[in-house]
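# Coordinates in review
Read off the chains here:
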Amino acid sequence: MKHTVVTLRQQKQNKEKITMLTVYDYSTAKLMDEAGIEVLLVGDSLGNTVLGYPDTLSVTMDDMLHHCAAVARGAKDALVLGDMPFMSYQASVYDAVTNAGRFMKEGRAQAVKLEGGAQYAEHIRAITAAGIPVCGHLGLTPQSVNAFGGFKVQGKDTGGACRLIEDALAIEEAGVFAIVLECVPAELAAYLTGLLQVPTIGIGAGSGTDGQVLVYQDMLSMYGGRSPKFAKVFADVGSLMKEGFASYCKETKAGAFPGPEHGFAMDPGLMETIRGRYS
Ligand code: KIV
């Protein structure tokens, strides 16, 4: 079954949890799609996990489109969600609509995500008016790391909690189909989930949201053992990969790989003829 913004809304109504993971390439997207993950988020966490930057700020539209198109080729049933990178929408509504359009045309995404609250309501309205579904992202929004003074849990005091609620209501009114809540106290995320008509997808926001999202390198322990507190390790793929690389290295150096079963045989008579020609 193809997952769409409509089926996600139905899942909220039916109290069926929504599953989302980040992904950046074709083969991993295909595995996730086959495993039943409903939303594949081509996150700008690409900057940290794949490109090796300390944050997401240097990620460009071209970086995102390159990876989004690869993910889209691997996704059959899952909804592909393209993450709008830093400065692809902040400066103007025109930029927002143009770049969201590039995600659809060049990245073959089915929706886009952008970080921020009421200050981007106009941008969200214009993108959705162009027929492009928009997912919001509130709480710890990593593109604002410098404004926050670090990666910190948001909405922990009355002012912060009320701002978060006001922002969520403003972007819901502007037309988002879902809202990612990152690093928000569990009680606040659950309250907000009850208040909103659109689904909430939590990351470090407790179990009371309509769905969950994780960065896949975190949940597979592939990111240098530096998983955040909220990211449960579901399989230690990082260790398995390291083991595999080390075995390959050892066997190659020892001459144990490749074995005869990994090569291609030749007619022995033919080899004799060739040897005769050059000796
Ligand atoms: O880019 C990303 O990985 C994200 C998730 C943290 C939700 O936006």
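Residues numbered from 1 in each chain as written. Predicted model: local features only at pLDDT ≥ 70, side-chain atom pairs only at ≥ 80, totals over all residues. Heavy atoms only, no water.

### A look at helix 11 (residues 237-254)
Side chains that are three or four residues apart share a direction in an α-helix, a result of its 3.6 residues per turn. For the record, the criterion: Numbering goes from the N terminus for both helices and strands, where a helix is a DSSP run of H or I of at least four residues and a strand is a run of E of at least two. To estimate the expected span of a helix, count its residues, drop one, and scale the result by 1.5 Å.
For helix 11, built from 18 residues, the straight-helix expectation of 26 Å at 1.5 Å per residue is met to within 8% by its first-to-last C-alpha distance of 26 Å. Positive phi appears at Gly-255, one or two residues downstream of helix 11, with a value of about 80°.

### So, a nonpolar patch on the surface
Here is the rule: In this analysis, a patch consists of residues with relative accessible area above 30% that form no salt bridge, clustered at 9 Å for like charges and at 5 Å for the nonpolar side chains Val, Leu, Ile, Met, Phe, Trp and Tyr. Computed by Shrake-Rupley with a 1.4 Å probe, the accessible areas treat only the displayed protein chains as cover when residues are assessed. Salt bridges are identified by distance alone: a Lys or Arg side-chain nitrogen within 4 Å of an Asp or Glu carboxyl oxygen. Relative accessibility under 20% of the residue-type maximum defines a buried residue, over 50% an exposed one, and the middle range a partly exposed one, all with a 1.4 Å probe and only protein chains included.
On the surface, a nonpolar cluster with roughly 440 Å² of combined accessible area is contributed by Met-266, Leu-270, Ile-274 and Tyr-278. Among the secondary structure elements, Ile-274 is positioned in helix 12 (residues 268-278). By relative accessible area, Ile-274 is classed as partly exposed at 34%.

### Here's the deal with the site of the ligand
In plain terms, the rule: If a single non-hydrogen atom of a residue is within 4 Å of a molecule or strand, that residue counts as near it. Any pair of N or O atoms that falls within 3.5 Å is considered a polar contact. Within protein, one atom must be able to donate a hydrogen and the other to accept it, and sequence-neighbouring residues count only if both atoms are side-chain atoms.
As a structural note, the neighbourhood of the ligand is formed by Thr-22, Leu-41, Gly-43, Asp-44, Ser-45, Asp-83, Lys-113, His-137, Val-180, Glu-182, Ile-203 and Val-215. In this structure, Asp-83 approaches the ligand through a side-chain N or O atom, which is 3.1 Å from an oxygen atom. Relative to its unbound accessible surface of 250 Å², the ligand loses 95% to contact with the protein.

### Brief notes about the nonpolar core
Defined as follows: For the purposes of this section, nonpolar cores are sets of buried Ala, Val, Leu, Ile, Met, Phe, Trp, Tyr and Cys residues that join through side-chain atoms within 4.5 Å. In what follows, residue pairs with any heavy atoms lying within 4.5 Å of each other are defined as contacts.
Counting residues in each nonpolar core, the largest one holds 55 residues, and the members touching the most others are Leu-40, Phe-103, Ile-127 and Ile-179. Residue contributions to this core peak at six residues, all from helix 8 (residues 158-174). Apart from the residues within four sequence positions on either side, Leu-40 is in contact with Leu-21, Val-23, Ala-29, Met-32, Val-71, Ala-75, Ala-78, Leu-79, Val-80 and Leu-81. In terms of nonpolar packing, the next biggest core, distinct from the first, is built from 15 residues, Ile-18, Phe-177, Ile-203 and Val-213 among them.

### Remarks on the environment of Leu-21
By the secondary structure assignment, Leu-21 is in strand 1 (residues 18-22). Judged by its relative accessible area of 9%, Leu-21 is buried. Contact partners of Leu-21, with chain neighbours within four places excluded, come to Met-32, Ile-37, Val-39, Leu-40, Leu-41, Val-213, Leu-214 and Met-219.

### Considering the packing of aromatic side chains
Definition in use: Pairs were defined over the aromatic rings of Phe, Tyr and Trp, the Trp ring being its six-membered one, requiring ring centres within 6.5 Å. Orientation was assigned from the angle between planes: stacked under 30 degrees, edge-to-face over 60, tilted for the rest. Put simply, a charge is over a ring when the Lys NZ or the Arg CZ is close to the ring centre, within 6 Å, and near the line of the ring normal, within 35 degrees.
Tallied over the full model, the rule gives three aromatic pairs. For the pair Tyr-248 and Phe-257, a centre-to-centre distance of 6.1 Å together with 65° between the ring planes defines the contact as edge-to-face. The side chain of Lys-232 reaches across the aromatic face of Phe-234, ending 4.9 Å from its centre.

### Comments concerning the domain arrangement of the chain
To keep it simple, the criterion reads: Throughout, the edges of the domains are those of an automatic or database domain assignment.
If you check the domain split of the chain, you get domain 1 (5-235) and domain 2 (241-278). Placing a centre on the C-alpha atoms of domain 1 and another on those of domain 2 gives a separation of 47 Å.

### Details of the environment of Tyr-53
Along the polypeptide, Tyr-53 turns up in the loop between helix 3 (46-49) and helix 4 (61-74). When residues no more than four places from it in sequence are discounted, the contact partners of Tyr-53 are Gly-47, Asn-48, Ser-58 and Val-59.

### A word on the pattern of salt bridges
Tallying each qualifying case throughout the model produces eight salt bridges. Close ionic contact of Asp-77 with Lys-76 constitutes a salt bridge, the shortest N to O distance being 3.8 Å. For Asp-77, a relative accessible area of 22% gives the class partly exposed. Among the charged side chains, a network of salt bridges with common partners joins Asp-62, Arg-102 and Glu-106.

### Focus: the packing of helix 8 against helix 9 (residues 186-195)
Two measures define how a pair of helices packs: the angle their axes make with one another and the distance between the axes. Applicable threshold: Each axis is a line fitted through C-alpha atoms, and for a helix only the stretch in contact is used; angles between axes span 0 to 180 degrees, taken between their N-to-C directions. Every angle not falling under 35 degrees, over 145, or within 65 to 115 is termed oblique; those three ranges are roughly parallel, roughly antiparallel and roughly perpendicular. Throughout, a crossing is termed right-handed when the near helix is turned clockwise from the far one, and left-handed when it is turned anticlockwise from it by less than a right angle. Three residue categories are used. Nonpolar comprises Ala, Val, Leu, Ile, Met, Phe, Trp, Tyr, Cys and Pro, charged comprises Asp, Glu, Lys and Arg, and polar comprises the others, including Gly.
Where helix 8 meets helix 9, the axes come as close as 11 Å, and the angle between the chain directions of the two elements is 30°. The angle between the axes of helix 8 and helix 9 places the two elements in the roughly parallel class. Handedness of the crossing formed by helix 8 with helix 9: right-handed. Across the interface between the two elements, Ala-161, Leu-164, Ile-165 and Ala-168 of helix 8 pack against Leu-188, Tyr-191, Leu-192 and Leu-195 of helix 9. Split by residue class, the contact of helix 8 with helix 9 holds eight nonpolar, no polar and no charged.

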